[in-house]
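Here is how the chains run, residue by residue.
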Amino acid sequence: MTVRLHWFLPTGGDGRTLVDRHAYASNTAGAKRPVSGIRPPDIEYLAQIAKAAEQLGFEAVLTPTGTWCEDAWLTTVALAQHTERLKFLVAFRPGVISPTLAAQMAATYQRITRGRLLLNVVTGGDSTEQRRFGDHLDHDRRYSRTDEFLSVVRGVWSGQPYDFDGTHYQVEGGLTALPPDPLPEIFFGGSSAAAGPVAARHADVYLTWGEPPTQVKEKIDWIRSLAEREGRTVRFGIRLHTISRDSSAEAWSTADRLLGDLDADTIAAAQAALGRSESVGQQRMLALHGGSRDELEISPNLWAGVGLVRGGAGTALVGSHAEVADRIEEYHALGIEHFVLSGYPHLEEAYWFGEGVIPDLAARGLLPGAPAGGGAPLLVASGR
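Residues numbered from 1 in each chain as written. Predicted model: local features only at pLDDT ≥ 70, side-chain atom pairs only at ≥ 80, totals over all residues. Heavy atoms only, no water.

1. With respect to the pairing of strand S4 (residues 60-63)
Stage number 1. Residues of S4 alternate between two faces, with Ala60 and Leu62 on one and Val61 and Thr63 on the opposite face, all of them buried.
Stage number 2. Inspection of the sheet shows strand S1 (residues 4-8) paired to S4 by 3 bridges, in the parallel sense. By the bridge assignment, Trp7 is partnered in S4 with Val61.
Stage number 3. Crossover handedness for the path S4 to helix H2 (residues 72-79) to strand S5 (residues 87-92): right-handed. (Buried < 20%, exposed > 50% of the residue type's maximum accessible area, 1.4 Å probe, protein only. Helix = DSSP H or I, 4+ residues; strand = E, 2+ residues; numbered from the N terminus. Pairing = 2+ DSSP bridges. Right-handed = clockwise from strand over helix to strand, strands pointing away.)

2. Re the nonpolar core
Stage number 1. Within the largest apolar cluster, 75 residues are counted, with the highest numbers of intra-cluster contacts made by Leu5, Phe88, Ile328, Tyr331, Phe339, Phe353 and Leu361.
Stage number 2. Counting residues per element, this core draws most heavily on helix H1 (residues 43-56), which supplies 8 residues.
Stage number 3. Those residues within four positions of Leu5 in sequence are excluded, and the remaining contacts are Phe58, Glu59, Ala60, Phe339, Leu341, Phe353, Ile358, Leu361 and Leu367.
Stage number 4. Ala255, Ile267, Ala270 and Tyr344 belong to the second largest nonpolar core, which has 22 residues in total. (Core = buried A, V, L, I, M, F, W, Y, C linked by side-chain atoms within 4.5 Å. Contact = heavy atoms within 4.5 Å.)

3. A short note on the packing of helix H3 (residues 99-113) against helix H5 (residues 139-156)
Stage number 1. The geometry of H3 relative to H5 is characterised by a closest axis approach of 8 Å and an angle of 50° between their N-to-C directions. Taken together, the axis directions place H3 and H5 in an arrangement best described as oblique. Considering how the two elements wind past one another, H3 and H5 form a crossing that is right-handed. Two secondary-structure elements touch here, H3 through Pro99, Thr100, Ala102 and Ala103 and H5 through Phe149, Val152, Val153 and Val156. (Axes fitted to C-alpha atoms, helices over the stretch in contact; angles between N-to-C directions. Parallel < 35°, antiparallel > 145°, perpendicular 65-115°, else oblique. Left-handed = near helix turned anticlockwise from the far one by under 90°.)

4. Quick look at the pairing of strand S10 (residues 205-209)
Every other side chain in a regular strand lies on the same face of the sheet, so the side chains alternate between the two faces.
Stage number 1. Counted residue by residue, S10 has 4 buried out of 5 residues, so it is predominantly covered.
Stage number 2. Assessed by its sense of winding, the connection that carries the chain from strand S9 (residues 186-188) through helix H6 (residues 195-202) to S10 is right-handed.
Stage number 3. The pairing of S10 with strand S11 (residues 235-245) spans 5 bridges and is parallel. Note on S11: the bridge partner recorded for Val205 is Arg235.

5. Regarding helix H8 (residues 248-260)
Stage number 1. Compared with the 18 Å implied by 1.5 Å per residue over 13 residues, the 18 Å span of H8 between its first and last C-alpha is a close match.
Stage number 2. Taken as a whole, H8 has its buried residues at Ala251, Trp252, Thr254, Ala255, Leu258 and Leu259. The buried residues of H8 all sit within an arc of 150° when viewed along its axis, so they share a single face. When the buried face of H8 is taken as reference, the exposed residues oriented beyond 90 degrees from it are Ala249 and Gly260.
Stage number 3. Of the surrounding elements, those touching the buried residues of H8 are S11, strand S12 (297-299), strand S13 (302-303) and strand S14 (316-320). (Expected span 1.5 Å × (residues − 1). Arc of directions from axis to C-beta.)

6. Concerning the packing of H2 against H3
Stage number 1. The contact between H2 and H3 brings their axes to 11 Å, and the two run at 10°. On the basis of the axis angle, H2 is roughly parallel to H3. Mapping the contact onto sequence places Trp73, Thr76 and Val77 in H2 and Ala102, Met105, Ala106, Tyr109, Ile112 and Thr113 in H3.
Stage number 2. For the contact of H2 with H3, a count of residues per class yields 7 nonpolar, 2 polar and no charged. (Nonpolar A, V, L, I, M, F, W, Y, C, P; charged D, E, K, R; others polar.)

Encoded structure:
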């Protein structure tokens, strides 16, 4: 098993700060505190990131879903025209789209992009956010619906008329006339008791946020045992930010600068909003730092500062290129294959990681096609 690397597309905007342009601000006109240094998620900027990711050797880019993001399906199919090999890990919510239509969209996407679609199924852990999209189910029933949704998607991809009679969906003769080829891999996350069985039944890759290695191992063991009962094998991935520099001191200085942008009121507002989330994974992220700036290095080179103000993945690998590679190798030894990474800003951090950490991983023989013990020789200019 080699390491498979993915990057992130900031379709809600990017910048040199952890403070999001929309985060925890009032919806009342004039009440938002402006945040400087934000880059809008226009197609030209996103194309720069996508092209950089492809050039640097990332396999795919994750595109988020939600109120403050551009639509992931439309954005990525546009970016596919600006790239050649890069795959797109498209996040979407089962509760706001028909499973038969989603299966058809995925099939069309695969033909348009010549097989570059991966699917990230986001069940949703925030009822307020779900209600914006007309979804009023509670947490556990959302996972029950996702279970049925993925059953229908797999069923209609068979190429034969498919019937389904469930609590949430009733389908008669559901069909994707031209099934996707290849079938998109399904990435799925969730830390609750309701999420585990759904992952075991349907996920190709179970994706966890970046907790310390001992906690990640517990999750892997949990999902693996559930999948074995279903007669399935599930692979594993992790979602992390990165701050990688030529020296450890430079990396931690960058983390300190990001932390310096955060005032007490911003952190308090963020923690209050995140604390209302129904997501067990989000509560696990919050527990890593407890809302405090103190002792944010919760495991060697694992920094919880991002989670002070941002929901979702709240930890970053911080250190020299070799130290970050060490941590990736440590997670890989636990069974993590897919690493979905990001950094602020995403264009520059892609290059820091791509030019610093990726060669180190290749030298260790951890990347596909990379020879163990060393990569390509350096070409030294002769002065001519």
